[in-house]
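Here is what each chain is made of, one letter per residue.
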Amino acid sequence: MKSSISSLVALFLTVFVVPISFAQTIPKDELVFLTSEWKGERFPDGRPKIPDALVERAKKIGIDDAWTVLKNEGYTNQFEGGWKFIHDDVVVAGRAVTAMFMPSRPDVEKNIKERGISKQGRKGNTNTWPIETLTKGDVYVADGFGKIGGGTLVGATLGNAIFSKTGNGVVFNGAARDLQELQNIKGFNAFVRDFHPSFLEEMVLMGLNSPIRMGGTMVLPGDLVIAQREGVLFVPAHMAEQVVTTCEFVARKDQFGFEMVKSNRYTTGQIDSQWTDEIKTEFLKWLSQHPELGTMTRPELDKVMSKRTW
């Protein structure tokens, strides 16, 4: 009898309590399902946890090369351009925490706020709730449906709060305010549709760490975000290592190739095609003389060359 009661209680908690605890988010099993190609560590809510070291390496790769790797693997809807940003020399790279906002509707916003504040202990307006979930290395990515006036999802106060939690920036399909103050946050950057002096109004959070659309892209929680002057690339978590590793190799290959062509050691045709064993040996020898470019083993070189479509 006790066993039956325990089972019923467990079922009740699973069906009724858990969804309330994580309101505005998709269930963990659904997020794991959508990101099932990812085989690594995850956050407690199911979000893929790309290693910090890989995120740091992603800050140094070229977005053009990364886009090419994704395109050649069939991921053709991962880039979105047309942004304004605070600094043109501050790269934003990290794991996506997603938020979806919609135009406010009184009855819906009332219910969401009542549930969030009374049952979840949340505070303030719904635009601050995603910030509570942020951790180091995250990039706050929000679909504000392109709203500019009244669509300022970040200003000086929230910008400082976000940066203190993540050490990173934001990507908003919406607007920002307090440009001068945001410029003073060293290391912070915001990729937005525009800047506007208004306060946020008539917007409500409808999804937190759920799939969102950013222009012509689909973004999932945990995606590797790379934002540079050219635009923003959203790399599926399971593709992050391949993208970063390939881009690192392309940078090394280009530098090696320039030197070999200038010295007439090899022709451009030899460098820009599958390499012979001789060239591979020459490359690894050259790489050992440039420790600032990192290291690479012969098996690693063979693997990246075998998938050469760039």
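From a predicted model like this one, the values you see are computed outputs, not experimental measurements.

With that settled, consider the UniProt feature "binding site: substrate" (unreviewed entry) in the chain. UniProt records the feature "binding site: substrate" (unreviewed entry) for Gly 155, Ala 156, Thr 157, Leu 158 and Arg 177 in the present numbering. These annotated residues cover 23 residues of sequence, and their C-alpha atoms lie no more than 10.3 Å from one another, placing them together at a single site. Counting through the fold element by element, Ala 156 comes out in helix H7 (residues 156-166). Overall, the relative accessible area of 16% leaves Ala 156 in the buried class. Those residues in contact with Ala 156 that sit more than four places away from it in its chain are Arg 177, Asp 178, Glu 181, Leu 182 and Ile 185. Relative to the helices and strands, Leu 158 is located in helix H7. Its relative accessible area of 19% is what places Leu 158 among the buried residues. Setting aside residues no more than four positions away along its own chain, Leu 158 makes contact with Asn 127, Thr 128, Ile 131 and Leu 153.

Attention now moves to the environment of Phe 191. In this structure, Phe 191 sits in strand E8 (residues 190-192). On the basis of relative accessibility, which here comes to 1%, the residue Phe 191 falls in the buried class. Once residues within four sequence positions are removed from consideration, Phe 191 is found in contact with Trp 83, Lys 84, Phe 85, Val 90, Val 92, Val 170, Val 171, Phe 172, Ala 227, Gln 228 and Val 232.

Count 3.6 residues to each turn of an α-helix, and residues three or four apart come out pointing the same way. The complete set of buried residues in helix H4 (residues 63-72) reads Ile 63, Ala 66, Val 69 and Leu 70. Along the long axis of H4, the arc covered by the buried residues comes to 120°, so they all point the same way. As for H4, its buried residues are in contact with strand E1 (79-80), strand E13 (224-228), strand E14 (231-235) and helix H9 (240-262). Of the residues trailing H4, Gly 74 is marked for its positive phi of about 95°.

Cut-offs applied
Residues numbered from 1 in each chain as written. Predicted model: local features only at pLDDT ≥ 70, side-chain atom pairs only at ≥ 80, totals over all residues. Heavy atoms only, no water. UniProt positions renumbered as here; feature names shortened; annotations may be inferred. Helix = DSSP H or I, 4+ residues; strand = E, 2+ residues; numbered from the N terminus. Buried < 20%, exposed > 50% of the residue type's maximum accessible area, 1.4 Å probe, protein only. Contact = heavy atoms within 4.5 Å. Arc of directions from axis to C-beta.

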